[in-house]
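Understanding the architecture of this molecule
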Amino acid sequence: MAVLRIGLAQVDVTVGDLEGNLRVIADCLESARAEEVDLLVFPELALTGYPPEDLLLNPSFIDANLKALQKLIPQTKGITLVVGFVDRDRDLYNAAAVLSDGKWVGTYHKAKLPNYGVFDEYRYFRPGQKVPIFTDGRVRLGITICEDLWHPTGPIEAEVRQGGADVVINLMASPYHRTKGAEREAMFATRALDYGVIVAFCNHAGGQDELIFDGRSSIFTANGELLARAKSFEEDLLMADVDLIEVLRHRLRQPRLRLAPTTTEEEYSVPEIPLPRPLVSEQKSSGLKPRIAFSPQGPEEIYRALVVGTRDYVQKNGFERVAIGLSGGIDSALVATIAVDALGPKDVIGVFMPSRFSSEASRKDAHKLAKNLKIRLLEIPIDEIFDVFLKALAPFLDKKAPGKTEENLQARIRGTLLMALSNRFNWLVLATGNKSEFAVGYATLYGDTAGGLAVLKDVPKTLVYELARWRNSKNPVIPKRVFTRPPTAELRPCQRDEDDLPAPYSALDPILQAYVEQDRSLREIVQQGFPADVVRRVIDLVHQNEYKRRQSPVGLKITPRAFGKDRRFPITLRWRSKSDEP
């Protein structure tokens, strides 16, 4: 049989760490060689890390990435490797190098450059116009990079229709958001079936700034069936034997490609590049049973994403420990639990900072959480500090009842204390605000927005409870009372979040999802059954608080539209659509 053993090296690399990334690639290469892999594939820009952003504007970095690739070439004796890097040929290209038997055989340049959402590739790269076919005389291999296969035509059509590709591989850097894995698999299965070709994609795993990569690299047969899937949210070497005869059988039985008009003949040239060694080994010591790894869904999927994103952000930025302000509420409890699952209890420090408005229930729940998680808990009362602030400001504050000024002072005292501990002990402070709060500005600038990473910045309040319940179903570490007490900042007597917000979280979150994530108009949201005055107030708050979000920590992306590089609005903005009136 003509069996090709494909290896997909799903790695967790770091932007700019060329030597470290090269070591990761070399280690995977040796593991694949031991398993008699014929074709080993790495993710998009695996050598540089993804996304390198304006690092690409530094010529010395481009030179260093090319030199690192040269070091890899001698290590490819007896194997064919495809690895993502940045190519330079009068301009820059998002590229894949084909290295085989100690030779740099050829290069593929990404043709479809995404420029939406978190992507900004036209800022850096020129689109490629050649889609070479790599062949040993028997197997015909096409290469694509991420966005190339998100289009129903384009490079894959040229490679199959004009180049006769049996196998199309895809080097990918596809960031996670909830349900993204299922969407990705459905799309790639469709490409495989439509073109009657084996499709294999290799994705990154791990975190890079606010982006999380969920892995789930996969291989699909020419019938569009899932043959193999790698693990989610962790490094993995996925290997599978693919039967190339089945590709021929499929095309003979379903000759649709003969009949459909070709749309890419003038758009791409399809040169043929010979490989120095056979892609298919006739004899292998043993067969390889394909593996389909479990794919988490729902709250488990999101929770695992947050754990990976937190771990990689902390560790890749050189921190060993984190500090979290524990209030006794649900947000800080969930952040602390995620941090422990990401880093271990010895590297998580909780800080309880009570004031005259803090309840005994909050104190007990913070201590119980710390005990359940086995983390160190510091208690630093803030009342004396608060009094000093009030005394210093007394000549300038009116004699009216305390209001937002006094409430925000408490939050800023807590933020100052956390950052002092960060400075003294090199602890990274994890902010505990959620997406609902960041959206409408229910957070104190330089207070509870202080920190290096906002773990829940893209997690709505209602989802916070869902994630916490799921985590407690595995091991009940978050005290029960935290779930039942009304959310409160405890900055004044008898305060409740919902007294200060335009709507209860049960209504606020659907409005925010419709407006922020789905770009629904005021009129459309009102038609869903929400009061017009409430919707208008929510929309106004979202725009008014853009300045706060710009000054808040980076947050992990888990929804289709996250604040930050995903959703970009000007701070100074007076435009409102008149057609948005209900």
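Residues numbered from 1 in each chain as written. Predicted model: local features only at pLDDT ≥ 70, side-chain atom pairs only at ≥ 80, totals over all residues. Heavy atoms only, no water.

Across its 22 residues, helix α11 (residues 404–425) extends 32 Å between first and last C-alpha, which sits within 8% of the 32 Å expected from 1.5 Å per residue. Here α11 has its buried residues at Glu406, Glu407, Leu409, Gln410, Ala411, Ile413, Arg414, Gly415, Leu417, Leu418, Leu421 and Ser422. Buried residues along α11 sit against β16 (321–325), β17 (348–352), β18 (376–379), α10 (383–393) and β19 (427–431). Two residues or fewer past α11, Asn426 is found with a positive phi of approximately 60 degrees. (Helix = DSSP H or I, 4+ residues; strand = E, 2+ residues; numbered from the N terminus. Expected span 1.5 Å × (residues − 1). Buried < 20%, exposed > 50% of the residue type's maximum accessible area, 1.4 Å probe, protein only. Contact = heavy atoms within 4.5 Å.)

With that settled, consider the environment of Leu279. Along the chain, Leu279 falls in the loop between β15 (272–274) and α7 (298–316). Considered as a pair, Leu279 and Leu4 are 275 residues apart in the sequence and their alpha carbons are 7.0 Å apart. Excluding residues within four positions of it along the chain, Leu279 makes contact with Leu4, Asp38, Leu39, Thr80, Asp136, Val139 and Leu141.

Turning to the packing of aromatic side chains, a few remarks are in order. One pair of aromatic rings is described through two measures. These are the centre distance and the angle between the planes. In the structure shown here, the tally under the stated rule is ten aromatic pairs. Arranged with centres 5.6 Å apart and planes meeting at 75 degrees, the rings of Tyr116 and Phe119 form a pair that is edge-to-face. Residue classification places Phe119 among the buried positions, given a relative accessible area of 14%. With centroids separated by 6.4 Å and ring planes inclined at 65 degrees, the aromatic side chains of Tyr124 and Phe125 adopt a geometry described as edge-to-face. Tyr124 gets classed as buried once you look at its relative accessible area, which sits at 13%. In textbook terms, an aromatic cluster arises when at least three aromatic residues are bridged by ring pairs, as seen for Trp150, Phe188, Phe201 and Phe220. Across from the ring centre of Phe438, 5.5 Å away, lies the NZ or CZ of Lys457, which sits over that ring. (Phe/Tyr/Trp six-rings, centres within 6.5 Å; stacked < 30°, edge-to-face > 60°. Lys NZ or Arg CZ within 6 Å of the ring centre and 35° of its normal.)

Looking now at the pairing of strand β5 (residues 103–109). Where strand β4 (residues 92–100) meets β5, six bridges bridge the pair, whose relative direction is antiparallel. What sits directly across from Leu99, in β5, is Trp104. Here β4 folds back onto β5, and the loop between the two strands holds two residues, one of which, Asp101, carries a positive phi near 55 degrees. (Pairing = 2+ DSSP bridges.)

This brings us to the nonpolar core. Leu4, Leu39, Ile143, Ile169, Ile219 and Leu244 are the most contacted members of the largest nonpolar core, which has 57 residues in total. Residues in contact with Leu39, not counting those within four places in the same chain, are Leu4, Arg5, Ile6, Gly7, Thr80, Val82, Leu141, Ile169 and Leu279. Residues Ile212, Val322, Leu326 and Leu453 belong to the second largest nonpolar core, which totals 49 residues. (Core = buried A, V, L, I, M, F, W, Y, C linked by side-chain atoms within 4.5 Å.)

The next subject is empty space enclosed by the protein. For the structure shown, the criterion picks out five cavities of 30 Å³ or more. Counted as a void, the largest cavity has a volume near 60 Å³. Lining the largest cavity are 13 residues; nearest its centre among them are Val13, Tyr50, His204, Gln208 and Phe213. Among the elements that make up the lining of the largest cavity, the one with the highest residue count is strand β10 (residues 205–208) (four residues). When grouped by side-chain class, the residues that make up the lining of the largest cavity number five nonpolar, six polar and two charged. Residue lining of the second largest cavity: Glu437, Phe438, Gly441, Ala443, Thr449, Asn545, Lys548, Arg549 and Ser552, and that is the complete set. Grouping the constituent residues of the lining of the second largest cavity by class yields two nonpolar, four polar and three charged. (1 Å grid on protein atoms, 1.4 Å probe; cavity = no way out; pocket = protein on both sides within 12 Å on 5 of 7 lines; lining within 4 Å. Points joined across faces, edges and corners; volume = space filled by probe spheres on them. Nonpolar A, V, L, I, M, F, W, Y, C, P; charged D, E, K, R; others polar.)

Of all eight residues making up strand β1 (residues 3–10), eight are buried, and the element is well covered by its neighbours. Going residue by residue along β1, you find Val3, Arg5, Gly7 and Ala9 tucked away on one face and Leu4, Ile6, Leu8 and Gln10 tucked away on the opposite face as well. Across eight bridges, β1 lies against strand β14 (residues 236–243) in antiparallel orientation. Each residue of the ladder has a partner; that of Gln10, found in β14, is Asp236. Two strands pair when backbone bridges link them, and β1 and strand β2 (residues 39–41) are joined in this way by three bridges, in the parallel orientation. Each residue of the ladder has a partner; that of Ile6, found in β2, is Leu39. Handedness of the β-α-β unit built from β1, helix α1 (residues 18–34) and β2 comes out right-handed. (Right-handed = clockwise from strand over helix to strand, strands pointing away.)

A complete count under the given rule lists 42 salt bridges for this structure. Salt-bridge contacts for Arg161 lead to Glu157; the nearest nitrogen and oxygen are separated by 3.7 Å. Here Glu157 and Arg161 lie together in helix α3 (residues 155–162), a separation of four residues that amounts to about one turn. A relative accessible area of 4% means that Glu157 is categorised as buried. What emerges from the salt-bridge pattern is a single network uniting Asp12, Arg311, Asp312 and Lys316. (Salt bridge = Lys/Arg side-chain N within 4 Å of Asp/Glu carboxyl O.)

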